[in-house]
Amino acid sequence: MAVEILAVKMPNLVILARVLPVPWEGIKMSNNLNLNLALVSAFALLVGCSEPASVENSVKETPTASVPIDQTPQILAFLEDTYSYFEKDGASPPERNQVFDNSMLALMVADEEATPEDEMGTLDSDPLCSCQDYSIGKTVFQISEVTANSAKAHVKLVDSEVSLDLVKQGDDWRIHDVTSNDYSIRNAFIEAASSRSK
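Residues numbered from 1 in each chain as written. Predicted model: local features only at pLDDT ≥ 70, side-chain atom pairs only at ≥ 80, totals over all residues. Heavy atoms only, no water.

Caption draft 1: Quick peek at the sheet that holds strand β3 (residues 140-144). Strands sit in the order β3-β4-β5-β6-β7 across an open sheet of five strands; the sheet is antiparallel. Each having just a single partner strand, β3 and β7 (183-184) make up the two edges of the open sheet. Bridging between β3 and strand β4 (residues 150-156) involves five bridges; their strand directions are antiparallel. The residue bridging F141 from the neighbouring strand is V155, located in β4. Sitting on the sheet, helix α3 (residues 72-82) touches β3, β4, β5 (161-169) and β6 (172-180), and the angle it makes with β3 is about 145 degrees. (Pairing = 2+ DSSP bridges. Helix = DSSP H or I, 4+ residues; strand = E, 2+ residues; numbered from the N terminus. Contact = heavy atoms within 4.5 Å. Axes fitted to C-alpha atoms, helices over the stretch in contact; angles between N-to-C directions.)

Listed below in structure tokens is the structure:
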């Protein structure tokens, strides 16, 4: 009985498959059946020899989104340092350029320059507490609406309470506005400058 060797061609691969002789005498297998058997044998050989795909190569890496850094600890440190003189008897307030942002500083300087020496400027109290006198004691902070570049804080002192609008200026936090009983220091400066220009 003759044995046929079939060459089965696949992309980039040539497989030689051997067709076994038919064990039953008198039965002649068709060429199509022989070809089918060859293909099945070739496929089994290919599957058995192939290596499983690497999980590492098959799974595409998904870029990890950067997790925003929590700004609350840095804001709290800024507030504690700024308001520390309310808790220590005899302590001096910080320099205002270490407390207020550039736009607020510009409003303060413009107001001082426009105010005659014998007159009171727009501010007649400590802007950090919106008070003229204060008692030494514990200061409590509530920080909210924190983003990468802005936040709000509520400051409760012994004798008064204020709300702050905070902004990130460079690597540091600064006060953008102070509000007490719906009185905004920033708006007070802007309104005073507007009335002087009339």
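Caption draft 2: Structural context of the state of the cysteines. Overall, the coordinates contain one disulfide when judged by the stated rule. Each disulfide pairs two cysteine sulfurs, and for C129 the partner residue is C131, the sulfurs being separated by 1.9 Å. Of note, the bridge from C129 to C131 carries an S-S torsion of about -90 degrees and is left-handed in sense. The same class applies to C129 and to C131, which are both buried. (Disulfide = S-S within 2.5 Å. Buried < 20%, exposed > 50% of the residue type's maximum accessible area, 1.4 Å probe, protein only.)

Caption draft 3: The packing of helix α4 (residues 102-114) against helix α5 (residues 185-196), seen in detail. One way to put it is that α4 packs onto α5 with a least axis distance of 10 Å and a crossing angle of 40 degrees. By the angle between their directions, the pair α4 and α5 is classed as oblique. Two packed elements cross with a definite hand, and for α4 against α5 that hand is left-handed. On α5, the residues touching S103, M104, L107, M108, A110, D111 and A114 of α4 are I185, R186, F189, I190, A192 and R196. Here the residues of the contact of α4 with α5 sort into nine nonpolar, one polar and three charged. (Parallel < 35°, antiparallel > 145°, perpendicular 65-115°, else oblique. Left-handed = near helix turned anticlockwise from the far one by under 90°. Nonpolar A, V, L, I, M, F, W, Y, C, P; charged D, E, K, R; others polar.)

Caption draft 4: Spatial organisation of the pattern of salt bridges. The final tally for this structure, using the stated rule, is four salt bridges. For D101, the salt bridge is made with R186, and the minimal N-O distance between the two is 3.7 Å. Here R186 lies in helix α5 and D101 lies in the loop between α3 and α4, a separation of 85 residues in the sequence. Residue classification places D101 among the buried residues on the basis of a relative accessible area of 6%. Owing to a relative accessible area of 13%, R186 belongs among the buried residues under this scheme. Between K152 and D165 there is a salt bridge, with the nearest N and O atoms lying 2.8 Å from each other. On the criterion of sequence distance, the pair formed by K152 in strand β4 and D165 in strand β5 is long-range, its members being 13 residues apart. (Salt bridge = Lys/Arg side-chain N within 4 Å of Asp/Glu carboxyl O.)

Caption draft 5: Structural context of the packing of aromatic side chains. Here the structure, examined in full by the defined rule, presents five aromatic pairs. Consider the rings of Y85 and F86, whose centres lie 4.2 Å apart with planes at 35 degrees: the pair is tilted. In this structure, Y85 and F86 share a single accessibility class: buried. On the basis of an interplanar angle of 80 degrees and a centroid distance of 6.0 Å, the ring pair of Y85 and Y134 is categorised as edge-to-face. (Phe/Tyr/Trp six-rings, centres within 6.5 Å; stacked < 30°, edge-to-face > 60°.)

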